[in-house]
Amino acid sequence: MSRFEHALIDHTKTLSLTFNGQEMQGHAGDTLASALIANGRKLVGRSFKYHRPRGIFSAGPEEPNALVELREGPLQEPNTRATVIELYDGLVAKSQNHMGSLDYDLLSINDLFAPFLSAGFYYKTFMWPAAFWEKIYEPAIRRAAGLGSLSGQADPDAYDKGYRHCDLLVIGAGPSGLSAALSAGRAGARVILADDDFLMGGRVNGERPEIDGMDGADWASQSGAELAAMSNVTLMPRTTVFGVFDDGVYGAIEKHTDHWVSSATKPRQILWRITAKRSILATGATERSIAFDNNDRPGIMLSGAVRTYVNRFGVTPGQTAAVLTNNDSGWATARDLAAVGINVAAVIDTRGDAPLEAIDGAALVTGQAVKSTRGRKGIKEITLTNGQTMDVDLLAVSGGWSPNVHLTCHHRGKPVWHDNVAGFVPNNPPPGLICVGAVSGEFGVGACLKAGRAAANSIVKDLGYKPSRSAAPKAEDEPSKVTAFWHVPNTSRAWVDLQNDVTVKDVKQSHQEGFRSVEHLKRYTTLGMATDQGKTSNVLGLALMAEAAGKTIQETGTTIFRPPYTPVPLGAFGGRAKGKNYKPTRLPPSHQWAKRNEASFTEAGLWLRAEWYPRAGEIGWRDSVDREVLAVRERVGICDVTTLGKIDIQGRDATAFVNFVYSNGFAKLPVGKVRYGIMLREDGIVMDDGTTARLAENHYVMTTTTANAGNVMRHLEFVRQCLKPNWDVHIISVTDGWCQAAVAGPRSRELLAKLVDTPFDISNKAFPFMACAELTVCGGVPARLFRISFSGELAYELAVPARFGDSFFEVLMEAGAEYDVTPYGLEALSAMRIEKGHPVANELTGQTTARDLGLGRMVAENKDSIGAVMSRREGLNLEDGYKLVGLRPIDGSEKITAGAHFVEQGAEYTLENDLGWMSSVGYSPSLGTHIGLGFLKAGDTRLGETIRSVDGVRNTDIEVTICSPHFIDPQGERLRD
């Protein structure tokens, strides 16, 4: 098909495409929809329920019909709107939701059963008999559910995430948005202009008004070029702002390489988090249809879409057209069709007082509407309400325009109805957001240009910039009067939601059966629940519901729109976090040193940690771990504990903050001291344990477990921002900033004394247990030293800047050579932790209380702290509640297992007889036997008794002795030496 010369496509660049195996051609600047129209393709899909023939209905993201499967193989993407797919050479698409060919869909037989498949039929039909549900009903529903299909293979495309900041975010690059961006950009403000189209200009590209004495499309191109040349302006075409969130944050999805044959190494789509001081919403309005019998045939399109295909893409969806309208914009479509030589058979205006305008060869009919249409796979004839018939192959329908208020509702703002525009307009938009142009009910191009400029100037002035003195672009306002006309009465099958096959009758039935709120209407009929989210049907459905209820549309109301505005691929939310990047591996600063020392590694949370260091002659890992444990107990060992979370807390209220988040008291902790703390959730359950050091009057460093570092940081931020917003507290994670080594064992002080610079004194008297200090080591390297121990031995943790990590461990090994210093890994650390009875991840499961852990006295009663009150609930303080105990097998050669459950001797192994469970186990080389920690009912009263540890998975039944969880040095004399 030849194109009109004025089209905004590149006639010199021909692109190939394939639709359902048929080869076609288009041009650069086409969408898939415009290319299909240019190739004479009217039938492009099937409706969801009845599988009725469907054609292209719109020209934008509101498209309910033209959904295709794009690409092939693992790249296949279902439910893609042909109207927003930018054409590229080699594009492959196929129709979906049909059995057999598109032209002869076997499932179209559903249309014959329409009387039995009315609204809510699934609620009524699949209730009986109950036995049919699993074998008949559910399988049938699952087979019929959905539209397109997935390849079932992993998505090979790459996705990414990005962050941008600006003074002003302009959403929509139509006349309002371009005018606003120009004014703000000229004032020097940092501006982001985002639009979902690949060609900026919005309606001016499809309507071609005159702006500043030039064609509207030329003005848009010139304005875009000016904005692109400004260093303070960022243009984001192919980008949909899909959500408005707190504090000026907007979610946006950019189709970065969707218009390429292959994205290669580039991300296909980018999920942007845009933070804006102010924003302007200029998203325009969406046209809606009118309901009449058989108004769903291919060739029946929105009037504005027809105009867009003619003016922007230079294609005609038909040769003989009729226009049905209830507003002035339908007449503009008739003029544009006639101007390019398309035969306009009639302009049918439902208004009796419509302003008549002669259209070459067209019958002008007022006060009437289209009653019905004829034609199966394409419209062939229309019948008017006065009985007149006309042969047409294109019917352009305009039922008025609905402002795109969606983003204004994301903070629970409810739009209000305006009769003068016959639509909902924004009300109470999110903070910092101003609505301009058609989205606020101003449909004239001239008014939109002025509104955009005025809003931008107001915003930039408020932000401290000097507003631009340039005048607003000049354009005439096209007539935009509308008289609401929703449907033709007494119809049999008039369609409201084209994709979901919702009819006027369904809406009325919903009301008759008691589903009368807008939320119930939506769910009972599925109105607006399709991929287009009812952009062309919601208001029509609400008007019909209001009519059935005898109320106004304002009284009936509308549903609240939620993000996303248009579908966002799950891959974009995931970004690069897939495959190996799903859970990126973090390496501690000593990783390269550990590799050189032949360490075996394991994943611990997000970290790759050394689990043991094998030596020649050792048969298995147990040999290595036992050697490392004994080395620490007898001499000295070093271990990288960088992975423990480290959070820096400063500010005038830092002490009160730490005292509030821990259950035990920190208000009187002296400077230069460390304290062990228990942190509770708001429900009284233990969240984490760790140590916090007071380095200065208002300076603390909190240490968390490796696994809970992120959770604790989020918790502290919640407390700071929400619970105590007026406190002067500043927190930051410094885990990656320091390399921290545990130096443990009887010779640890001697080793460190060789590294610590004078005049720092680390003798037992000057630097006792639980002391801390900022000092220097190795001749001036800044460091932090903490005298804490989780091994039960005399021990320290020494931290230096992370950049020294590799050399730091070399120095430790050199300094400790005369003491036969031994590096130890995670397994030895765990073994010593169990020997000493310290709880970690296996005990901190999110289900245990401080009382369960034997730390009940650490929940102070003389101060306020998070979770303290809830921890005193009766159910958490039962006399026979679970208590942490130690367990040793009667037969020292037997191996106990974590996860085993406790039962009395002679009792049956049943749920009713369950007394608790084993949480951690390990072999103790110091004791020469396996030992374990576990939770036992009233365990603290049963020390010395014998019970059974039964593991039903591994089929073991072992007698164990209940003992204190502190197997080694229970009085703590070694660590205080």
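Preceding block: the structure.
Remember, predicted model here, so these are calculated numbers, not experimental data. (Residues numbered from 1 in each chain as written. Predicted model: local features only at pLDDT ≥ 70, side-chain atom pairs only at ≥ 80, totals over all residues. Heavy atoms only, no water.)

Trainee: How do you make sense of unusual backbone geometry when you look at a structure like this?
Mentor: Residue Pro563 is joined to Pro564 through a cis peptide bond whose omega torsion reads 0 degrees. Looking at the element boundaries, Pro564 is found in the loop between helix 13 (553–556) and helix 14 (570–574). Between Thr758 and the following residue, Pro759, the backbone shows a cis peptide bond with an omega angle of 10 degrees. Structurally, Pro759 can be placed in the loop between helix 19 (748–753) and strand 40 (772–777). Within the chain, Asn490 stands out as a residue other than glycine whose phi angle is a positive 60 degrees. Position of Asn490 relative to the elements: it lies in the loop between helix 9 (445–462) and strand 29 (495–497). For Thr526, which is not glycine, the phi dihedral falls at a positive 70 degrees. Here Thr526 lies in the loop between helix 11 (518–525) and helix 12 (538–549). (Helix = DSSP H or I, 4+ residues; strand = E, 2+ residues; numbered from the N terminus.)

Trainee: Would you mind going over helix 10 (residues 504–512) with me for this structure?
Mentor: The set of residues buried in helix 10 consists of Val504, Asp506, Val507, Gln509, Ser510 and His511. Trailing helix 10 by a residue or two, Gly514 shows a phi angle of about 95 degrees, which is positive. (Buried < 20%, exposed > 50% of the residue type's maximum accessible area, 1.4 Å probe, protein only.)

Trainee: Please clarify how the sheet that holds strand 6 (residues 77–81) should be interpreted in this entry.
Mentor: Pairing between the strands of a sheet is mediated by backbone hydrogen bonds and can be parallel or antiparallel. With mixed pairing, the five strands of this open sheet are ordered in space as 2-1-7-5-6. Edge positions in the sheet fall to strand 2 (22–28) and strand 6, since each of these pairs with one other strand and no more. Between one strand and the next, the sheet's axes are offset by a mean angle of 40 degrees, whatever the strand orientation. (Pairing = 2+ DSSP bridges. Axes fitted to C-alpha atoms, helices over the stretch in contact; angles between N-to-C directions.)

Trainee: Which parts of the structure should I look at to understand the pattern of salt bridges?
Mentor: Pairing between side chains of opposite charge can happen when the charged atoms of each approach one another. Taken as a whole and assessed by the stated rule, the structure comprises 49 salt bridges. A salt bridge links Asp160 to Arg576, with the shortest nitrogen-to-oxygen separation between them at 2.7 Å. With Asp160 in strand 8 (residues 159–171) and Arg576 in the loop between helix 14 and helix 15 (591–596), this pair connects stretches of sequence that are 416 residues apart. We classify Asp160 as buried; its relative accessible area is 17%. Note on Arg576: relative accessible area 56%, which makes it exposed. For Asp167, the salt bridge identified is with Lys277, shortest N-O distance 3.3 Å. In this pair, Asp167 is assigned in strand 8 and Lys277 in strand 15 (residues 269–281), connecting sequence segments 110 residues apart. Each member of the salt-bridge network shares a partner with another, and the members are Arg71, Glu77, Asp157, Asp258 and Arg268. (Salt bridge = Lys/Arg side-chain N within 4 Å of Asp/Glu carboxyl O.)

Trainee: Help me out: how do you make sense of the sheet that holds strand 45 (residues 901–903) in this one?
Mentor: Taken together, the six strands give a closed barrel; going around it, the order is 44-47-46-45-48-49, and neighbouring strands pair in antiparallel fashion. The mean inter-strand angle of the sheet, taken between neighbouring strand axes irrespective of direction, is 45 degrees. Pairing of strand 46 (residues 916–924) with strand 47 (residues 929–937) involves eight bridges; the strand directions are antiparallel. Considered in strand 47, the bridge of Gly922 is made with Ile931. Packed on one face of the sheet, helix 21 (residues 826–836) meets strand 46 and strand 47 and runs near 120 degrees to strand 46. (Contact = heavy atoms within 4.5 Å.)

Trainee: I'm lost on empty space enclosed by the protein in this one. Help?
Mentor: Space left empty within the atom packing is revealed by a probe, the size of a water molecule, rolled over the atoms. Under the definition given, this model contains five cavities of 30 Å³ or more. Within this model, the largest cavity holds a volume of roughly 150 Å³. If you trace the largest cavity, you find 15 residues lining it, with Ser402, Pro403, His406, Val539 and Phe561 closest to the centre. In terms of residue count, helix 12 provides more of the lining of the largest cavity than any other element does, three residues in total. Residue composition of the lining of the largest cavity, grouped by class: seven nonpolar, seven polar and one charged. As for the second largest cavity, its lining consists of Pro588, Ser590, His591, Ala594, Phe601, Leu608, Arg609, Ala610, Tyr613, Cys639, Asp640 and Tyr824. Listed by contribution, the elements that provide at least two residues to the lining of the second largest cavity are helix 15, strand 32 (607–612) and strand 33 (637–640). With three residues, strand 32 is the largest single contributor of residues to the lining of the second largest cavity. Across the lining of the second largest cavity, the residue classes tally to eight nonpolar, two polar and two charged. (1 Å grid on protein atoms, 1.4 Å probe; cavity = no way out; pocket = protein on both sides within 12 Å on 5 of 7 lines; lining within 4 Å. Points joined across faces, edges and corners; volume = space filled by probe spheres on them. Nonpolar A, V, L, I, M, F, W, Y, C, P; charged D, E, K, R; others polar.)

Trainee: Honestly, the side chain of Asp914 in this entry has me stumped. Any pointers?
Mentor: Along the chain, Asp914 falls in the loop between strand 45 and strand 46. Of the side chains with opposite charge, Lys937 comes closest to the buried, unpaired Asp914, at an N-O distance of 6.7 Å. Apart from the residues within four sequence positions on either side, Asp914 is in contact with His901, Phe902 and Lys937. (Lys, Arg positive; Asp, Glu negative; His and termini not counted.)

Trainee: Even after reading the chapter, I still don't get the nonpolar core, so can you show me in this structure?
Mentor: Soluble globular proteins: nonpolar side chains tend toward being buried together. By size, the foremost hydrophobic cluster in this structure holds 52 residues, and its most contacted members are Leu32, Ile56, Leu91, Tyr309 and Leu337. Of all the elements, helix 1 (residues 32–38) adds the most residues to this core, at six residues. Grouped together as the second largest cluster of nonpolar side chains are 32 residues, Val636, Leu794, Tyr796 and Ala815 included. (Core = buried A, V, L, I, M, F, W, Y, C linked by side-chain atoms within 4.5 Å.)

Trainee: Even after reading the chapter, I still don't get the environment of Glu478, so can you show me in this structure?
Mentor: Relative to the helices and strands, Glu478 is located in the loop between helix 9 and strand 29. In this structure the C-alpha to C-alpha distance between Glu478 and Ser329, which are 149 residues apart in sequence, comes to 8.1 Å. Not counting the four nearest positions on each side in its chain, Glu478 is found in contact with Glu207, Arg307, Arg335 and Gly444. A polar atom in the side chain of Glu478 sits 3.2 Å from the side chain of Arg307. (Polar contact = N/O pair within 3.5 Å; in protein donor to acceptor, adjacent residues only side chain to side chain.)

Trainee: Would you take a moment to explain the packing of helix 7 (residues 303–311) against helix 8 (residues 329–339) for this structure?
Mentor: Think of two packed helices as two axes; the pair is described by the angle between the axes and how far apart they sit. Viewed as axis vectors pointing N to C, helix 7 and helix 8 meet at an angle of 30 degrees, and their least axial separation amounts to 9 Å. Taken together, the axes of helix 7 and helix 8 lie roughly parallel to each other. Seen along the crossing, helix 7 lies across helix 8 with a hand that is left-handed. Seen from helix 7, the contacting residues are Ser303, Gly304, Val306, Arg307, Val310 and Asn311; seen from helix 8, they are Ser329, Gly330, Ala332, Thr333, Asp336 and Leu337. Counted by class, the contact of helix 7 with helix 8 contains four nonpolar, six polar and two charged residues. (Parallel < 35°, antiparallel > 145°, perpendicular 65-115°, else oblique. Left-handed = near helix turned anticlockwise from the far one by under 90°.)

Trainee: So what exactly am I meant to see when it comes to the packing of helix 16 (residues 621–634) against helix 21 here?
Mentor: Between helix 16 and helix 21, the shortest axis-to-axis distance is 9 Å and the interhelical angle comes to 60 degrees. The angle between the axes of helix 16 and helix 21 places the two elements in the oblique class. Pair helix 16 / helix 21 crosses with right-handed handedness. Only Glu827, Ala828, Ala831, Met832 and Glu835 of helix 21 make contact with helix 16, whose side of the interface consists of Trp621, Val625, Glu628, Val629, Val632 and Arg633. Looking at the contact of helix 16 with helix 21 residue by residue, the classes come out as seven nonpolar, no polar and four charged.

Trainee: What am I meant to see in the pairing of strand 39 (residues 738–744) here?
Mentor: Every other side chain in a regular strand lies on the same face of the sheet, so the side chains alternate between the two faces. Most of strand 39 is tucked away: seven of the seven residues are buried. Strand direction decides the pairing type here: strand 33 and strand 39, joined by four bridges, are antiparallel. Paired with Asp640 across the bridge in strand 39 is Ala741. Looking at chain direction, strand 39 and strand 42 (residues 795–801) are connected through seven bridges and run antiparallel. Paired with Ala744 across the strands is Ala795, a residue of strand 42.

Trainee: For this particular structure, what's the right way to read a positive patch on the surface?
Mentor: Together, Arg412, Lys414, Arg523 and Arg562 line one region of the surface with positive charge. Locating Lys414 in the fold gives a position in the loop between strand 25 (401–403) and strand 26 (416–418). (Patch = residues over 30% accessible without salt bridge, like charges linked within 9 Å, V, L, I, M, F, W, Y side chains within 5 Å. Areas by Shrake-Rupley, 256 points an atom, 1.4 Å probe, with all protein chains shown as cover. Charge placed at Lys NZ, Arg CZ, Asp CG, Glu CD.)

Trainee: Looking at this model, I keep getting lost on the side chain of Arg46. Mind explaining?
Mentor: By the secondary structure assignment, Arg46 is in strand 3 (residues 43–46). One buried charged residue, Arg46, forms no salt bridge at all, with the nearest opposite charge on Asp105 at 4.1 Å. A distance of 2.7 Å separates the side chain of Arg46 from the backbone oxygen of Leu102, its partner in a polar contact. A polar atom in the side chain of Arg46 sits 3.2 Å from the backbone oxygen of Asp103.

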